[in-house]
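The residues making up each chain are set out below.
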Amino acid sequence: MPAHDEVDRIVDSWLRERPDLDFAPLQVLSRVARLSKHLDRARRTAFSRSELASWEFDVLSALRRAGTPYELSPKALLLQTLVSSGTMTNRIDGLVDRGLVTRRSAPNDGRGILVGMTPAGLTRVDAAITRLVDAEADLLDTLSVTDQDRLAGLLRKLSLDFD
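- An unreviewed UniProt entry lists the protein chain under the name DNA-binding transcriptional regulator, MarR family, with Cryobacterium flavum as the source organism.

Laid out in structure tokens, this is it:
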């Protein structure tokens with residue numbers, strides 16, 4: 001068994017003070033919360049090194065995952081990024097201003113709009129995802145591939161109720 005971490009110390013203190021409560025959820029979710037902070041820091045660093053904000057990466061990565069020609073409707077983008085239509089409009093405007101995406105009329109729908117990634121957007125998102133994958137691999141390097149697969153499966157099982 002590995003050495004005790006800060007969560008063990010916190011739970012031990014709570015057990016001493018409140019032995020009537022079951023602190024098993026804290027054993028898992030407090031660690032997830034603490035790891036989330038490290039992940040957020042690694043993501044911000046990866047994105048900033050590619051001169052992107054997290055929200056910019058979210059939009060550009062949705063376009064990149066769509067495949068060539070890297071276009072989606074604003075509605076498809078907001079469904080993938082879980083933001084409101086007003087927020088998505090502002091995000092698209094910002095990315096257009098930075099030259100990372102373009103807006104054009106949808107060819108089959110005169111009222112529809114398609115958002116497309118520019119070559120500059122493609123370069124930035126590809127650099128960011130490479131840096132992100134490297135940073136996340138570093139965060140997991142103490143786990144074997146088998147342990148990573150097991151953890152991914154357990155987290156997937158837990159997250160299915162929320163997606």
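**Concerning the sheet that holds strand β3 (residues 109-117)**
Here is step 1 of the chain: A sheet is described by the order of its strands in space; here 3 strands give the open sequence β1-β3-β2, paired in antiparallel fashion. With partners counted over all chains shown, the strands left at the sheet margins are β1 (71-72) and β2 (101-106), one partner each.
Here is step 2 of the chain: Both β1 and β3 contribute to a ladder of 2 bridges, which runs antiparallel. Considered in β3, the bridge of L72 is made with V115.
Here is step 3 of the chain: Each of β1, β2 and β3 is contacted by helix α3 (residues 54-65), which is oriented at about 100° to β3, the strand it contacts most.

**So, helix α6 (residues 119-139)**
Here is step 1 of the chain: The first and last C-alpha atoms of α6 sit 30 Å apart over 21 residues, in line with the 30 Å expected at 1.5 Å per residue.
Here is step 2 of the chain: All of the buried residues along α6 are G121, V125, A128, L132 and A135. Projection of α6 onto a plane perpendicular to its axis shows the buried side chains occupying an angular sector of 95°, all on one side. Opposite the packed face of α6, turned more than 90 degrees from it, sit the exposed residues P119, T123 and D138.
Here is step 3 of the chain: Residues of α6 that are buried in the fold lie against α2 (24-49), α3 and β3.

**As for the nonpolar core**
Here is step 1 of the chain: F47, L52, F57, L60, L63 and L77 are the most contacted members of the largest nonpolar core, which totals 22 residues.
Here is step 2 of the chain: For this core, the secondary structure elements donating two or more residues are α2, α3, α5 (85-97), β3 and α6.
Here is step 3 of the chain: Considering each element in turn, this core owes the most residues, 5 residues, to α3.
Here is step 4 of the chain: Filtering out sequence-adjacent residues up to four positions away, F57 remains in contact with F47, L52, V125, A128, I129 and L132.

Criteria and cut-off values
- Residues numbered from 1 in each chain as written.
- Predicted model: local features only at pLDDT ≥ 70, side-chain atom pairs only at ≥ 80, totals over all residues.
- Heavy atoms only, no water.
- Pairing = 2+ DSSP bridges.
- Helix = DSSP H or I, 4+ residues; strand = E, 2+ residues; numbered from the N terminus.
- Contact = heavy atoms within 4.5 Å.
- Axes fitted to C-alpha atoms, helices over the stretch in contact; angles between N-to-C directions.
- Expected span 1.5 Å × (residues − 1).
- Buried < 20%, exposed > 50% of the residue type's maximum accessible area, 1.4 Å probe, protein only.
- Arc of directions from axis to C-beta.
- Core = buried A, V, L, I, M, F, W, Y, C linked by side-chain atoms within 4.5 Å.

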